[in-house]
Amino acid sequence: MKNRFLLPAVLIATLLLTGNVLGGNTTRTGTLTFSAPVYEIEDLVAELLEDGNNVLVSGKVKNLGYSPVKGYVIVYFKNGKGAVVHSVETEVNKNSPFTHGKTGSFEISANIESTPDIQNVVIEFVNK
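(A) Highlighting the overall build of the chain. Secondary structure summary: the chain contains one helix and six strands in total. Moving toward the C terminus, one meets the helices and strands of the chain in the order α-β-β-β-β-β-β. The buried share among the 128 residues of the chain stands at 23%. Counting only carbon and sulfur atoms, one obtains 54% of the accessible surface of the chain, whose full area is about 9300 Å².

(B) Representation of the environment of V84 within the structure. Note on placement: V84 falls in strand β4 (residues 84-91). Along the primary structure V84 and I118 are separated by 34 residues, whereas in three dimensions their C-alpha atoms are 9.0 Å apart. Residues contacting V84, with those up to four places away along its chain left out, are Y76, F77 and K78.

(C) Structural detail: the pairing of strand β5 (residues 103-111). Here β5 shows a buried face lined by G104, F106, I108 and A110 and an unburied face lined by T103, S105, E107, S109 and N111. The sheet contact formed by strand β2 (residues 54-63) and β5 spans nine bridges and is antiparallel. Counted as the bridge partner of V61 is G104 from β5.

(D) Quick peek at the sheet that holds β5. Taken in spatial order, the three strands make up an open sheet running β1-β2-β5, and their pairing is antiparallel. Taken across any chain shown, the strands that pair with only one partner, and hence form the sheet edges, are β1 (39-48) and β5. In this sheet, adjacent strand axes meet at a mean angle of 15° when their direction is disregarded. With eight bridges joining them, β1 and β2 adopt antiparallel strand pairing. Considered in β2, the bridge of A46 is made with V57.

(E) Seen up close, the packing of aromatic side chains. In the structure shown here, the tally under the stated rule is two aromatic pairs. One aromatic cluster in this structure is built from Y39, F98 and F125.

(F) Broad picture of the side chain of S58. Examined against the element boundaries, S58 turns out to sit in strand β2. For S58, a relative accessible area of 17% puts it in the buried group. When sequence neighbours within four positions are dropped, the list of residues in contact with S58 reads D43, L44, V45, F106 and E107.

(G) Expanded view of unusual backbone geometry. Positioned with a positive phi, D43 is a non-glycine residue whose angle comes to about 50°. Here D43 lies in strand β1. Residue classification places D43 among the exposed residues on the basis of a relative accessible area of 52%. With a phi angle near 60°, N93 is a residue other than glycine that sits in the positive phi range. Looking at where N93 falls in the secondary structure, it is placed in the loop between β4 and β5. Looking at N93, the relative accessible area reads 25%, which means it is partly exposed.

(H) Summary view of the pattern of salt bridges. Taken as a whole, this structure holds one salt bridge when the rule is applied. Between K60 and D43 there is a salt bridge, with its nearest N and O atoms 3.6 Å apart. Of the two residues, K60 sits in strand β2 while D43 sits in strand β1, which places them 17 residues apart along the sequence. For K60, a relative accessible area of 30% corresponds to the partly exposed category.

Basis of the calculations
Residues numbered from 1 in each chain as written. Predicted model: local features only at pLDDT ≥ 70, side-chain atom pairs only at ≥ 80, totals over all residues. Heavy atoms only, no water. Helix = DSSP H or I, 4+ residues; strand = E, 2+ residues; numbered from the N terminus. Buried < 20%, exposed > 50% of the residue type's maximum accessible area, 1.4 Å probe, protein only. Areas by Shrake-Rupley, 256 points an atom, 1.4 Å probe, with all protein chains shown as cover. Contact = heavy atoms within 4.5 Å. Pairing = 2+ DSSP bridges. Axes fitted to C-alpha atoms, helices over the stretch in contact; angles between N-to-C directions. Phe/Tyr/Trp six-rings, centres within 6.5 Å; stacked < 30°, edge-to-face > 60°. Salt bridge = Lys/Arg side-chain N within 4 Å of Asp/Glu carboxyl O.

Function-wise, these values are silent; they only describe arrangement.
Have a look at this one:
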């Protein structure tokens, strides 16, 4: 008796799944929204110190999003070919959150004595 209903149930399930996989009634309507955190790096300074072996990097991260953020920056040092040859991390705003329109400051010193050919500094903010 159970086998008599098993075959029709399997056939119906297969037809339903096939319809959904092949584009059955999975059409979306309406507008999809996109959201991404928006940050702006301001007042960026990368200054080689007098000893020639250390660089001081400082700046601000402006929160253009509508939620409070807190996090850290990764400072990438790149050579003339655009490859990352050194990186360091530091917290922003003493690890305190900052709201829409506000900025969080950062500053870090990095020893680049053994890192030749640094041509560029890139900053990435990581919201945690």
